[in-house]
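The residues making up each chain are set out below.
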Amino acid sequence: MKTATSIVKLFLFFVLFISCKKEKTTIQANTTQKQNSKTIEYTFNDGITQIPVKLNNPPQRAAVFNPYMTEMLLALGLEDRMVMGSTEGAILPEFEKAYAKVPHKQIGHSFRITKEAFLLMKPDFVSGDDDIKPETTGSVEDLIKAGVAPFIPQSRRVENATMEDVYDDFLELGKIFDVQDKAKTLVKNMKDKLEAARKTFKNKPDSEKPKVMIMTSFNNGIWISSSLATDIINKANGKAVYEDVSTSYELVTFESAVHRNPDFIFLADIQSRGMSLKEKIDLM
């Protein structure tokens with residue numbers, strides 16, 4: 001009986017020891033997780049809806065459905081944290097090696113995959129202009145509930161965007177992905193490069209500045225780039241012929257382009273409406 005009692009006591013002691021150790025381990029694990037977590041807050045804004053977003057950790061699986069956001073993340077050195085990227089034409093040469101690491105790629109700026117395919121990539125961050133919607137990614141509210149952070153850069157959504165909006169976007173992405181130092185350095189280098197270039201410019205009155213038009217494609221008219229493009233042209237000491245257009249892209253008539261009489265026309269070398277760059281030039 002004594003032996004049996006001793007065995008029972010030993011067994012209970014063993015169970016209690018394991019339980020305490022397990023509890024201690026669990027507490028340590030939870031504490032470690034709490035220490036490693038870093039709350040990140042920002043506001044999703046598509047120009048219509050504004051919804052607060054709170055992340056416990058920086059995103060690790062970003063799905064990006066537009067070319068400019070793809071290159072912005074690559075510029076921040078986040079290729080290892082991307083599950084999908086997008087290009088329209090060739091990606092910038094300095095990003096070729098980094099982009100090769102991104103497992104899923106698409107060509108174009110509109111959604112090219114199903115909602116099921118999107119979810120199978122298990123993203124925790126998504127960016128796309130008109131692609132964040134119920135039938136493709138799920139609504140913004142659904143994404144946030146599922147732990148997927150939606151994002152649209154302000155340089156894309158605001159009217160009359162400027163390079164300052166681009167700088168702000170990089171700093172915001174730096175905060176979201178916890179690469180603030182990289183973002184600050186990148187913005188500083190962009191500003192320094194622009195300032196160095198401006199020192200070489202010859203100051204001319206507006207009437208003598210070259211008139212510039214930037215176009216992307218044809219569709220019963222001409223799709224022109226304005227807004228941010230206008231600011232870039234102005235900063236380069238030119239005169240945008242469609243500086244009165246506040247949106248990023250606008251469809252104008254051929255007659256309108258003739259009337260504006262640009263000195264230079266920049267044609268975007270992108271995959272648009274099945275036309276090659278040479279075909280666009282020939283049509284012009």
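Residues numbered from 1 in each chain as written. Predicted model: local features only at pLDDT ≥ 70, side-chain atom pairs only at ≥ 80, totals over all residues. Heavy atoms only, no water.

A. Region of interest: the layout of surface pockets. Estimates place the volume of the second largest pocket at around 270 Å³. Taken together, the residues of the lining of the second largest pocket break down into three nonpolar, four polar and six charged. (1 Å grid on protein atoms, 1.4 Å probe; cavity = no way out; pocket = protein on both sides within 12 Å on 5 of 7 lines; lining within 4 Å. Points joined across faces, edges and corners; volume = space filled by probe spheres on them. Nonpolar A, V, L, I, M, F, W, Y, C, P; charged D, E, K, R; others polar.)

B. Main features of the sheet that holds strand β3 (residues 62–64). The sheet built from five strands is open, its strands ordered β5-β4-β3-β6-β7 with parallel pairing. The sheet is open, and its two edges are formed by β5 (104–107) and β7 (149–151), each paired on a single side. Averaged over neighbouring strand pairs, the angle between their axes works out to 15° when direction is ignored. In this structure, β3 lies alongside strand β6 (residues 125–127), joined through three bridges in parallel fashion. Bridge assignment links V64 to a residue of β6, and that residue is S127. (Pairing = 2+ DSSP bridges. Helix = DSSP H or I, 4+ residues; strand = E, 2+ residues; numbered from the N terminus. Axes fitted to C-alpha atoms, helices over the stretch in contact; angles between N-to-C directions.)

C. Fine view of unusual backbone geometry. We note that N160 has phi near 50°; this positive angle belongs to a residue other than glycine. Note that N160 resides in the loop between α6 (154–157) and α7 (163–176). By relative accessible area, which is 46% here, N160 ends up partly exposed. Even without a glycine there, the phi angle at S227 is positive, about 55°. When you line up the elements, S227 lands in the loop between β9 (222–225) and α9 (228–235). (Buried < 20%, exposed > 50% of the residue type's maximum accessible area, 1.4 Å probe, protein only.)

D. Region of interest: the pattern of salt bridges. Here the structure, examined in full by the defined rule, presents eight salt bridges. A salt bridge links K235 to D231; its shortest N-O distance comes to 2.9 Å. Pair noted here: K235 and D231 are both in helix α9, with a separation of four residues, about one helical turn. Taking the shortest distance from any N to any O, the salt bridge between D244 and R260 comes out at 2.8 Å. Taken together, the residues span a long stretch of sequence, with D244 in the loop between β10 (239–240) and β11 (249–252) and R260 in helix α10 (residues 254–260) at a distance of 16 residues. (Salt bridge = Lys/Arg side-chain N within 4 Å of Asp/Glu carboxyl O.)

E. Representation of empty space enclosed by the protein in the model. Applying the stated criterion to the full structure yields one cavity of 30 Å³ or more. V212, M213, I214, S225, S226, T230, I233, A240, V241, Y242 and E243 are the residues that line the largest cavity. Of all the secondary structure elements, the ones that give two or more residues to the lining of the largest cavity are β8 (211–218) and α9. When residues of the lining of the largest cavity are assigned to their parent elements, the largest contribution, three residues, is made by β8. Classifying every residue of the lining of the largest cavity by side-chain character gives seven nonpolar, three polar and one charged.

F. Region of interest: the packing of α7 against helix α8 (residues 180–198). The geometry of α7 relative to α8 is characterised by a closest axis approach of 7 Å and an angle of 160° between their N-to-C directions. What the angle tells us is that α7 and α8 run roughly antiparallel. Handedness of the α7/α8 crossing: right-handed. Across from M163, V166, Y167, F170, L171, G174 and K175 in α7, the residues of α8 making contact are Q180, A183, K184, L186, V187, M190, K191 and L194. (Parallel < 35°, antiparallel > 145°, perpendicular 65-115°, else oblique. Left-handed = near helix turned anticlockwise from the far one by under 90°. Contact = heavy atoms within 4.5 Å.)

G. Structural context of the environment of P103. Relative to the elements of secondary structure, P103 occurs in the loop between α3 (96–99) and β5. Excluding its chain neighbours within four sequence positions, the residues that come into contact with P103 are M82 and V83.

H. Geometry of the nonpolar core. Judged by nonpolar contacts, the single largest core of 49 residues is most densely connected at M69, L73, F125, F170, L173 and F177. Setting aside chain neighbours within four positions, we find M69 in contact with V64, F125, S127, F151, P153 and L173. Counting residues in each nonpolar core, the second largest holds 11 residues, with M213, F218, V241 and V252 among its members. (Core = buried A, V, L, I, M, F, W, Y, C linked by side-chain atoms within 4.5 Å.)

I. Representation of helix α2 (residues 67–75). The element α2 is largely enclosed, with a buried count of seven among its nine residues. Inspection of α2 places P67, M69, T70, M72, L73, L74 and A75 among the buried residues, and these make up the whole buried set.

J. Examining the confidence of the model for the protein more closely. Residue-level pLDDT values for the protein average 83, and 84% of them are 70 or greater. A low-confidence stretch, residues 1–36 stays under pLDDT 50, and its non-local contacts, those more than four residues away or across chains, total one contact. (pLDDT = per-residue confidence, 0-100.)

K. Layout of α8. Across its 19 residues, α8 extends 27 Å between first and last C-alpha, which sits within 8% of the 27 Å expected from 1.5 Å per residue. Along α8, the residues that are buried comprise A183, L186 and V187. Taken around the axis of α8, the buried residues stretch over an arc of 95°, which confines them to a single face. The exposed residues of α8 that point more than 90 degrees off its buried face are D181, K184 and K188. Packing partners of the buried residues in α8 comprise α2 and α7. (Expected span 1.5 Å × (residues − 1). Arc of directions from axis to C-beta.)

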